[in-house]
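Spelled out, the chains give:
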Amino acid sequence: MKRCFELAQMAEATVSPNPMVGCVVVYQNKILGEGMHQQYGDAHAEVHAIRSIPKDQHHLLAAATLYVNLEPCFHFGNTPPCVDLVLKHKIPVVVISCTDPDPRVSGKSIKKLRAHGVTVIEKVLEKEGKWLNRYFFQSIIKKRPYVILKIAQSLDGYIGKEGQTVWITNPIAKRLAHKWRANIDAILVGTNTAKIDDPSLTNRLWDGQSPTRLVLDRQVKLSNNLKLFNQKELTICFSEKEKLPADAKNLKFVSLPFDENLPRAILDYLKNNTRVQRLLIEGGAYTIQSFIDLDLWDEIRILTADHILGSGIKAPTFNGIPKHTFSLKNNKYQIITNPRNLS
């Protein structure tokens, strides 16, 4: 099952909004084949695992065990149901980490396998499996994108200075942040962050894609010369006014009410109009705090430097559960989870 996790995570950047899934087929304690779901809309992990087995060994499937970190799919989507593939090859034992929370599946494949005489072993490393696919699980359960808040702070808890750009963390932390960008679907900043820092919000220091860029601009007053509006990557600007840019590619303006429920309106728009499953919010403090105040967050990633600013903009406040802590040379990286998360 740990190998399934490894395989699944290899495609973290390309499968969203589908889950990360790896599959290993074993015969007499030897791996016959393995595979993972590689890209949204592509064949699932079970298909790739079975395809990897030489044809002259397919007869061994009738005495093999299939390991997969998520219950095989039950429904016709972009691909046929994997549960039927397992039955077609008469695989007698299936080991699963997690039941699929999608109502179209949700135990139906397990029930069908058992009805056809397949031995199904469930909940193997279930806690680890749910953490691996937390984006998928929470988006299904909460019916909105999984929200990650990024906070880069000084040792005394400040995230910057009013009206000026302050680089807080070290180059290793910066590279890590770009890795995050490669593995999420969209990235959001508020008006002041866009105006003062003029960020590109693209992935330049890691292999992989750049996310869809989201920016708040209530009165549509941000300069067209900002990097966010260079049209090199898709940018969605949320404002109270709707603006139709002339001949603008990769640039869209969406009108939303700028009230206390703006964070919820943003998530509703993303859920109903895009394939965004993983949203990273990079700043500023007011924007991050607005999502915290409405309890519309799942994970906070805190990068803490080893120096003191003494004054400035205080880091957002929240209640959360420390999940992991890592050292980044002279910086610290901590993952905090929402205590109301169900997985």
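Residues numbered from 1 in each chain as written. Predicted model: local features only at pLDDT ≥ 70, side-chain atom pairs only at ≥ 80, totals over all residues. Heavy atoms only, no water.

Caption draft 1: Summary view of the overall build of the protein. Counting secondary structure elements, the protein contains 10 helices and 16 strands. In terms of overall size, the protein behaves like a compact globule, its C-alpha atoms giving a radius of gyration of 22 Å where 343 residues would be expected to give roughly 20 Å. Its C-alpha atoms give the protein principal-axis dimensions of about 70 × 45 × 35 Å. Residues counted as buried form 52% of the 343 residues belonging to the protein. Contacts in the protein between residues at least 24 apart in sequence constitute 68% of all its contacts with a sequence separation of at least 6. Carbon and sulfur atoms make up 50% of the accessible area of the protein, which amounts to about 16400 Å² in all. Taking the average location of the 46 positive side-chain charges in the protein and that of its 33 negative ones, the two points are 2 Å from each other. (Helix = DSSP H or I, 4+ residues; strand = E, 2+ residues; numbered from the N terminus. Rg over C-alpha atoms; globule rule 2.2 N^0.38 Å. Buried < 20%, exposed > 50% of the residue type's maximum accessible area, 1.4 Å probe, protein only. Contact = heavy atoms within 4.5 Å. Areas by Shrake-Rupley, 256 points an atom, 1.4 Å probe, with all protein chains shown as cover. Lys, Arg positive; Asp, Glu negative; His and termini not counted. Charge placed at Lys NZ, Arg CZ, Asp CG, Glu CD.)

Caption draft 2: Representation of the nonpolar core within the structure. With 38 residues, the main nonpolar core has Trp 180, Ala 194, Val 215, Phe 229, Leu 303 and Tyr 333 as its most contacted residues. At the level of elements, α1 (2–9), β1 (22–27), β6 (146–153), α7 (171–182), β8 (186–189), β11 (251–255) and β16 (331–337) are the ones that each hand at least two residues to this core. Beyond its immediate stretch of four places on either side in the chain, Val 215 contacts Leu 188, Val 189, Gly 190, Ala 194, Leu 222, Leu 228, Phe 229, Thr 235, Ile 236, Cys 237 and Phe 238. With 32 residues, the next largest nonpolar core counts Val 21, Val 47, Val 83 and Leu 113 among its residues. (Core = buried A, V, L, I, M, F, W, Y, C linked by side-chain atoms within 4.5 Å.)

Caption draft 3: Representation of unusual backbone geometry. Here the bond from Ser 16 into Pro 17 is cis, since omega is 10 degrees, no more than 30 degrees from zero. Between Gly 283 and the following residue, Gly 284, the backbone shows a cis peptide bond with an omega angle of 0 degrees. Relative to the helices and strands, Gly 284 is located in the loop between β12 (278–283) and α10 (285–293). Backbone geometry at Lys 143 places phi at a positive 55 degrees, although glycine is not the residue there. Locating Lys 143 in the fold gives a position in the loop between α6 (134–142) and β6. With relative accessibility at 57%, the residue Lys 143 sits in the exposed group. A positive phi angle, close to 60 degrees, is found at Leu 201, a residue other than glycine.

Caption draft 4: Region of interest: the packing of aromatic side chains. All told, the structure shown has six aromatic pairs when counted by the stated rule. Residues Phe 238 and Tyr 269 carry aromatic rings whose centres are separated by 5.7 Å and whose planes lie at 80 degrees to one another, so their mutual orientation is edge-to-face. In this pair, Phe 238 sits in strand β10 (residues 235–239) while Tyr 269 sits in helix α9 (residues 262–273), placing the two residues 31 residues apart along the sequence. The exposure class assigned to Phe 238 is buried, which follows from its relative accessible area of 0%. Take Tyr 269: its relative accessible area is 11%, and that puts it in the buried class. An aromatic cluster is defined as three or more aromatic residues linked by ring pairs; in this entry it consists of Trp 180, Phe 326 and Tyr 333. The ring of Tyr 158 carries the charged tip of Lys 314 above its face, separated from the ring centre by 4.6 Å. The residue whose ring lies beneath Lys 323 is Trp 131, and the NZ or CZ to ring-centre distance is 4.7 Å. (Phe/Tyr/Trp six-rings, centres within 6.5 Å; stacked < 30°, edge-to-face > 60°. Lys NZ or Arg CZ within 6 Å of the ring centre and 35° of its normal.)

Caption draft 5: Representation of the pattern of salt bridges. The full count for this structure, using the stated rule, is 15 salt bridges. One salt bridge in this structure joins Lys 150 and Glu 282, with 3.8 Å as the shortest N-O distance. Of this pair, Lys 150 sits in strand β6 while Glu 282 sits in strand β12; the two residues are 132 residues apart in sequence, bridging distant segments of the chain. Across the pair, Glu 282 and Lys 150 agree in class, each one buried. One network of salt bridges, in which partners are shared, links Arg 3, Glu 6 and Glu 34. (Salt bridge = Lys/Arg side-chain N within 4 Å of Asp/Glu carboxyl O.)

Caption draft 6: Examining α7 more closely. Its 12 residues give α7 an end-to-end C-alpha distance of 17 Å, which sits within 8% of 16 Å, the value for a rise of 1.5 Å per residue. Burial in α7 covers these residues: Ala 173, Leu 176, Ala 177, His 178, Trp 180, Arg 181 and Ala 182. Those residues of α7 hidden inside the fold are in contact with β6, β8, β12, β13 (299–304), β15 (321–328) and β16. Between the side-chain oxygen at the start of α7 and the backbone nitrogen of Ile 172 there is a gap of 3.1 Å, and the oxygen is on Asn 170. (Expected span 1.5 Å × (residues − 1). Polar contact = N/O pair within 3.5 Å; in protein donor to acceptor, adjacent residues only side chain to side chain.)

Caption draft 7: Geometry of the side chain of Asn 18. Relative to the helices and strands, Asn 18 resides in the loop between α1 and β1. According to the relative accessible area criterion, Asn 18 is buried, its value standing at 18%. Side-chain polar atoms of Asn 18 contact the side chain of His 37, separated by 3.1 Å. Those residues in contact with Asn 18, other than ones at most four positions away along the chain, are His 37, Tyr 40, Gly 41, Phe 136 and Gln 277.

Caption draft 8: Structural view of the sheet that holds β13. One open sheet accounts for nine strands, arranged β11-β10-β9-β8-β12-β6-β13-β16-β15; its pairing is mixed. Among the strands making up the open sheet, the edge pair consists of β11 and β15. When strand polarity is set aside, the average angle formed by the axes of neighbouring strands in this sheet is 20 degrees. Pairing of β10 with β11 involves five bridges; the strand directions are parallel. Of the residues in β11, the one forming a bridge with Thr 235 is Leu 251. (Pairing = 2+ DSSP bridges. Axes fitted to C-alpha atoms, helices over the stretch in contact; angles between N-to-C directions.)

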